[in-house]
Amino acid sequence: SNERALLIPISDMHIGAIGGSFITNNEYNKSVVEHRLSLILSEVYYLNKRWGTFDKIIIVDLGDSLDGYNKSTVRGGKELDQNLNNREQFEIYFNSFKSFFDTLITLNASNGISFYATQGNHDGAIAHMAQRALEIYLNTKYPELSTFISNDFISTISYGKHRYHMTHGK
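One structure accompanies this document, and this report is about it. Because the structure is predicted, anything quoted here is derived from the model rather than measured.

1. Focus: unusual backbone geometry
- Even without a glycine there, the phi angle at His-14 is positive, about 50°.
- Notably, Asp-64 is not glycine yet its phi reads approximately 55°, a positive angle.
- The exposure class of Asp-64 is buried, given its relative accessible area of 1%.

2. Quick look at the pairing of strand 5 (residues 155–159)
- Of the two faces of strand 5, only the one carrying Ser-155, Ile-157 and Tyr-159 is buried; Thr-156 and Ser-158 on the other face are not.
- Here strand 5 pairs with strand 6 (residues 162–166) via five bridges, running antiparallel. In the strand pairing of strand 6, Ile-157 is matched with Tyr-164.
- Linking two consecutive strands that pair antiparallel, namely strand 5 and strand 6, is a turn of two residues; a positive phi of about 60° is found at Gly-160 within it.

3. Things to note about helix 3 (residues 124–141)
- Here helix 3 spans 26 Å end to end across 18 residues, near enough to the 26 Å set by a 1.5 Å rise per residue.
- Every buried residue of helix 3 is accounted for by Gly-124, Ile-126, Ala-127, Ala-130, Gln-131, Leu-134, Glu-135, Tyr-137 and Leu-138.
- In the core, the buried residues of helix 3 are packed alongside strand 2 (56–61), helix 2 (86–106), strand 3 (113–117) and strand 4 (146–149).

4. Details of helix 2
- The first and last C-alpha atoms of helix 2 sit 31 Å apart over 21 residues, in line with the 30 Å expected at 1.5 Å per residue.
- Within helix 2 the residues assigned to the buried category are Asn-86, Gln-89, Ile-92, Tyr-93, Phe-94, Ser-96, Phe-97, Phe-100, Phe-101, Asp-102 and Leu-104.
- The inward-facing, buried residues of helix 2 contact strand 1 (5–10), helix 1 (30–51), strand 2, strand 3 and helix 3.
- Regarding helix 2, its N-cap is Asn-85, as a side-chain oxygen of that residue lies 3.0 Å from the backbone nitrogen of Arg-87 further along.
- Looking at the residues trailing helix 2, positive phi occurs at Asn-108, about 50°.

Each value, and the rule that gives it
- Residues numbered from 1 in each chain as written.
- Predicted model: local features only at pLDDT ≥ 70, side-chain atom pairs only at ≥ 80, totals over all residues.
- Heavy atoms only, no water.
- Buried < 20%, exposed > 50% of the residue type's maximum accessible area, 1.4 Å probe, protein only.
- Helix = DSSP H or I, 4+ residues; strand = E, 2+ residues; numbered from the N terminus.
- Pairing = 2+ DSSP bridges.
- Expected span 1.5 Å × (residues − 1).
- Contact = heavy atoms within 4.5 Å.
- Polar contact = N/O pair within 3.5 Å; in protein donor to acceptor, adjacent residues only side chain to side chain.

Scope: geometric values only; no functional claims are made or implied.
The following block contains the structure:
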């Protein structure tokens, strides 16, 4: 049977980050983000060829996709080294994920796709806005695709007899 789900967690993309104490010699710009999302699409393509059509593909944005707001974390007080301003981070997130989902749909690798998202300790409200914009796009263009943008610290995803708890953590 094809009662299989492919769960793809995506976390800590930190769009706009440069260097820093926890990220060495990296610049999280548009080309890096698009390249990493293309690697995920390549893996989905491979897994689809190997296992056949999945019943569902579940994409989970676990937060810190954007590096921060006004060069600071959600709580403030910690200045971040960034190569992109707030608008640029938003645009790269939205356009990169829009292209990612448009391509994912064309792979025909599943009977259904879901998108879940939560915010992290860096991106908070700006991530919520970017995720909601993406959700509006996805719900308009692909009404069969289900979405859920969480306002809570922890949420649950259910598939069959399985339950997955999603949270960014700290």
